[in-house]
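# A closer look at the structure
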Amino acid sequence: MTKPENSDAIWQRAEIESPCIKICVIHPETRLCTGCLRSIDEIGAWSRLSHDERSAVMDDLPNRGAALKKRRGGRAARLKR
């Protein structure tokens, strides 16, 4: 049995790919992933988001990097909490 030329075409989607870079660490205060900069809620809902919702998240990601650049204070800051 031969495989039709375009048999893989049904599996192709015009979806925005996930920005995940497989560095999945959630910042405890901002609740953003330090790898892809999405929130925990965005990560969990990604497969259900519409094209426009995904596009809005992707457009906002460059603005989120500054929130994770500040140092949290290390041990001294943890002891104050």
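This is a predicted model, so every value here is computed, not measured. (Residues numbered from 1 in each chain as written. Predicted model: local features only at pLDDT ≥ 70, side-chain atom pairs only at ≥ 80, totals over all residues. Heavy atoms only, no water.)

### Some details on the overall build of the chain
Scanning the chain from N- to C-terminus turns up three helices and zero strands. Along the chain direction, N to C, the helices and strands of the chain fall in the order α-α-α. When burial is assessed residue by residue, the chain has 25% of its 81 residues classed as buried. For the chain, long-range pairs separated by at least 24 residues make up 46% of all intrachain contacts whose partners lie at least 6 apart in sequence. Roughly 6,800 Å² of accessible area belongs to the chain as shown, and the carbon and sulfur atoms make up 53% of that amount. (Helix = DSSP H or I, 4+ residues; strand = E, 2+ residues; numbered from the N terminus. Buried < 20%, exposed > 50% of the residue type's maximum accessible area, 1.4 Å probe, protein only. Contact = heavy atoms within 4.5 Å. Areas by Shrake-Rupley, 256 points an atom, 1.4 Å probe, with all protein chains shown as cover.)

### Considerations on the nonpolar core
Formed by Ile16, Leu32, Leu37, Trp46, Val57, Leu61 and Leu68, the largest nonpolar core amounts to seven residues. For Leu68, the contacting residues outside a window of four places in its chain are His27, Thr30, Leu32, Cys33, Thr34 and Leu37. (Core = buried A, V, L, I, M, F, W, Y, C linked by side-chain atoms within 4.5 Å.)

### Structural notes on the pattern of salt bridges
Summed over the entire model, instances satisfying the criterion amount to two salt bridges. The shortest N-O distance in the salt bridge between Arg64 and Glu42 comes to 2.6 Å. Of this pair, Arg64 sits in helix H2 (residues 51–69) while Glu42 sits in helix H1 (residues 40–45), placing them 22 residues apart in sequence. The two residues Arg64 and Glu42 agree in class, both being buried. Where Asp60 meets Arg64, a salt bridge forms, and the shortest distance between an N and an O atom there is 3.0 Å. With a gap of four residues between them, Asp60 and Arg64 both fall in helix H2, about one helical turn apart. (Salt bridge = Lys/Arg side-chain N within 4 Å of Asp/Glu carboxyl O.)

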